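Read off the chains here:
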Amino acid sequence: MYPRTSLRIATLLGLTFLALLGCVTLATADAAEFRRLPMRVYVDKMQAGWIGQMAGVGWGGPTEFKSNGRIIPEDQMPKWRPELINQFGQDDIYVEMTFLQTLERYGFDVSIRQAGIDFANSGYALWHANKAGRDNLRAGIAPPDSGHPQFNKHADDIDYQIEADFSGLIAPALPNLVIELGEKFGRLMNYGDGLYAGQFVGGMYAEAFFEDDPVKIVEAGLRCIPKDCQYAEMVRDMLRWYQEIPDDWQKTWLLVEDKYHRDPRYTHGLCSAPGGADAFSIDAKLNGAYIIMGLLYGKRDLDQTIIISTRCGQDSDCNPSNAAGVLFTSLGRSKLPERFTVAIDSNGKFSHTEYTFPRLIEVSEALVRSAVVRSGGRIERDTDGNEVLVIPVQEPQPTKLEHSCEPGPIANSRFTNEEMEQITALSTSKSMQAQLEKVLPGWTLSHCGPDMDPGRRAEYRGRKNVFLTHPLSREIGCVLSKTVAVPAGKKTSLRIVVANDDRGDWTLVVQAGGKTLLTKPINQETTQGGWAVVEVDLSGLAGQEVKLELANQADGWSWEAGYWAEIAVESR
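It should be emphasised that the depicted structure is a prediction, and the values quoted were computed from it without experimental measurement.

Asker: Can you help me understand the packing of aromatic side chains in this one?
Answerer: A ring pair, where both rings are aromatic, is described by two values, the distance of the centres and the angle of the planes. Within the structure shown, the criterion is met by 17 aromatic pairs. Grouped by ring-pair contacts, the aromatic residues W59, W80, F328 and F340 constitute a single cluster. The residue whose ring lies beneath R503 is W559, and the NZ or CZ to ring-centre distance is 3.6 Å.

Structure representation (structure tokens):
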């Protein structure tokens, strides 16, 4: 009897041990396959990431592009003031709001074409790759071609790098989602290293939710981009130079300058040509090195991270914005000094959006829930009922290798007519159209750019009641149009009186029914008394109703305003 009882007890103990072992094995496997992030910790760190961006761009803002190819002297570094945190009008941040709005409306499966339409409809000021990409989109060049070097001579510029922060802030520990978002939003304006720069930055943010060692954070970003791209080479250089020279960032700055600013093999002739002291560069690799410089040599000190990244020069507000955003994320808002949080304006709105800071946090929190579940994770509750993000461990899968200096073929992507109708930014405001009606009754304005303050002028060069236009971009001219009936049996002509700005010139293009009738430069040589009187014969269109289109087309890109005093169709 005792042996049987002993056997039964031993069997039960064995089964219990196996069950416990199974639980341990399952728990270990779960720990290996998932990372757990309490929602309150996520929100704390995500808020800090946005605050870090605002702090970096606000502190470095006064120095932007004032020190190119030179280190900013320590005594010329601005002093931090708490009110500098309210950076609602900075392109480093407001472009991200457009991307978040697209994700909020359509979800993570939104098409790249819809993302392009939304970006085309943005109303804020842009420069370099962002501007070229948006101009391409507005001209009907759909993504990914909008960022291809054949159409965008800024493809290696800094643009997606400075606005990729959002991708990591809504994708904690999800590097493949960061990469995917780069493919969707980064290709609107960038290509090659210009794209990889943003995926690298996003990858650092994604890791900063679980890691606070700047070296490991940089290494995590590196794993998100093709290992053979030059941007990855730059990151590896920075890690190696930091290991060799851990306490003198200015020596490392000289190494960066020699290789990534002066060497033509690494600074390509798209937008930023090789240069030295005082030479401007907005190349993603050079400025990306300055982000890493602040993160590594700042040694987790908030002030020093921003100061070092700023003092490196060039785009010295964007670079500390990225660096501070990543570092602040690793800490969380609850650990930030009050000087970075006390003056935040909760009612301030980011340029051309409805997003306030509280609304931004709310949207980011909603998106992260979708991001985790979409990526194969889940949301659980702990024993106190608090939400926990259970995030699958991912091995980064970088995108394909491309070089902006030797680009691959274009995709021949173009917007359809229906898609172009959704780009409402091309429409003329009612107030502008009303001004035109007072000068040129019956004519309609389209594709008018904002430069040089277009609109009605009381007088110009001795003529009263004049209208000023400006091309939308180098490629897209401002168009005045009107449908007219050309009478049969009469000689009909179009009379146009136009002028240029004293500092520039432009090209007048006249089309009828889509056919070009005239192309004429408007400059000092083609005007008399400051004005050009242009006659276009329309007799060949007798008996037809045709749409006339008169374009103020750019000739270069300097003071391209067109002044219109008279447009008349005359028959006799």
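Asker: Any chance you could explain the sheet that holds strand 4 (residues 444-446) here in plain terms?
Answerer: Paired through backbone hydrogen bonds, the strands of a sheet run either parallel or antiparallel to each other. Spatially, 4-7-12-9-10 is the arrangement adopted by the five strands of the open sheet, whose pairing is antiparallel. Each of the sheet's edge strands pairs with one partner strand only, and the pair in question is strand 4 and strand 10 (515-522). Across the sheet, the mean angle separating the axes of adjacent strands is 20° when strand polarity is ignored. Direction of pairing for strand 4 relative to strand 7 (residues 478-485): antiparallel, over a ladder of three bridges. Residue pairing in the sheet places T444 in a bridge with S481 of strand 7.

Asker: Would you mind going over the side chain of N287 with me for this structure?
Answerer: Counting through the fold element by element, N287 comes out in helix 13 (residues 284-297). By relative accessible area, which is 0% here, N287 ends up buried. Only 3.3 Å separates the side chain of N287 from the backbone oxygen of S281, close enough to count as a polar contact. Only 3.0 Å separates the side chain of N287 from the backbone oxygen of D283, close enough to count as a polar contact. Those residues in contact with N287 that lie beyond four places of it in its chain are I158, Q161, S281, I282, G313, Q314, D315 and N319.

Asker: Looking at this structure, I do not really get the environment of S429. What am I missing?
Answerer: Relative to the elements of secondary structure, S429 occurs in the loop between helix 17 (417-421) and helix 18 (430-439). By relative accessible area, which is 39% here, S429 ends up partly exposed. In the structure, S429 is positioned 16 residues away from L445 in sequence and 9.2 Å away in space, judged by C-alpha atoms.

Asker: Would you mind going over helix 18 with me for this structure?
Answerer: Owing to its 3.6 residues per turn, the α-helix brings residues three or four apart onto one side. Among all positions in helix 18, only M432, L436 and V439 are buried. Within helix 18, the buried residues cover an arc of 60° as seen down the axis, which keeps them to one side. Exposed and oriented more than 90 degrees from the buried face of helix 18 are K430 and K438. On its buried side, helix 18 packs onto strand 4, strand 5 (455-460), strand 6 (463-469), strand 7 and strand 13 (562-571).

Asker: Looking at this model, I keep getting lost on the nonpolar core. Mind explaining?
Answerer: General note: in soluble globular proteins, nonpolar side chains tend to be found buried as a group. Among the nonpolar cores identified, the biggest contains 119 residues, and Y42, W50, F166 and F328 are the most heavily contacted of them. It is helix 2 (residues 39-60) that provides the largest number of residues to this core, a total of eleven residues. One finds L436, V534, L538 and I567 within the second-largest nonpolar core, a separate group that totals 30 residues.

Rules used in this analysis
- Residues numbered from 1 in each chain as written.
- Predicted model: local features only at pLDDT ≥ 70, side-chain atom pairs only at ≥ 80, totals over all residues.
- Heavy atoms only, no water.
- Phe/Tyr/Trp six-rings, centres within 6.5 Å; stacked < 30°, edge-to-face > 60°.
- Lys NZ or Arg CZ within 6 Å of the ring centre and 35° of its normal.
- Pairing = 2+ DSSP bridges.
- Helix = DSSP H or I, 4+ residues; strand = E, 2+ residues; numbered from the N terminus.
- Axes fitted to C-alpha atoms, helices over the stretch in contact; angles between N-to-C directions.
- Buried < 20%, exposed > 50% of the residue type's maximum accessible area, 1.4 Å probe, protein only.
- Polar contact = N/O pair within 3.5 Å; in protein donor to acceptor, adjacent residues only side chain to side chain.
- Contact = heavy atoms within 4.5 Å.
- Arc of directions from axis to C-beta.
- Core = buried A, V, L, I, M, F, W, Y, C linked by side-chain atoms within 4.5 Å.

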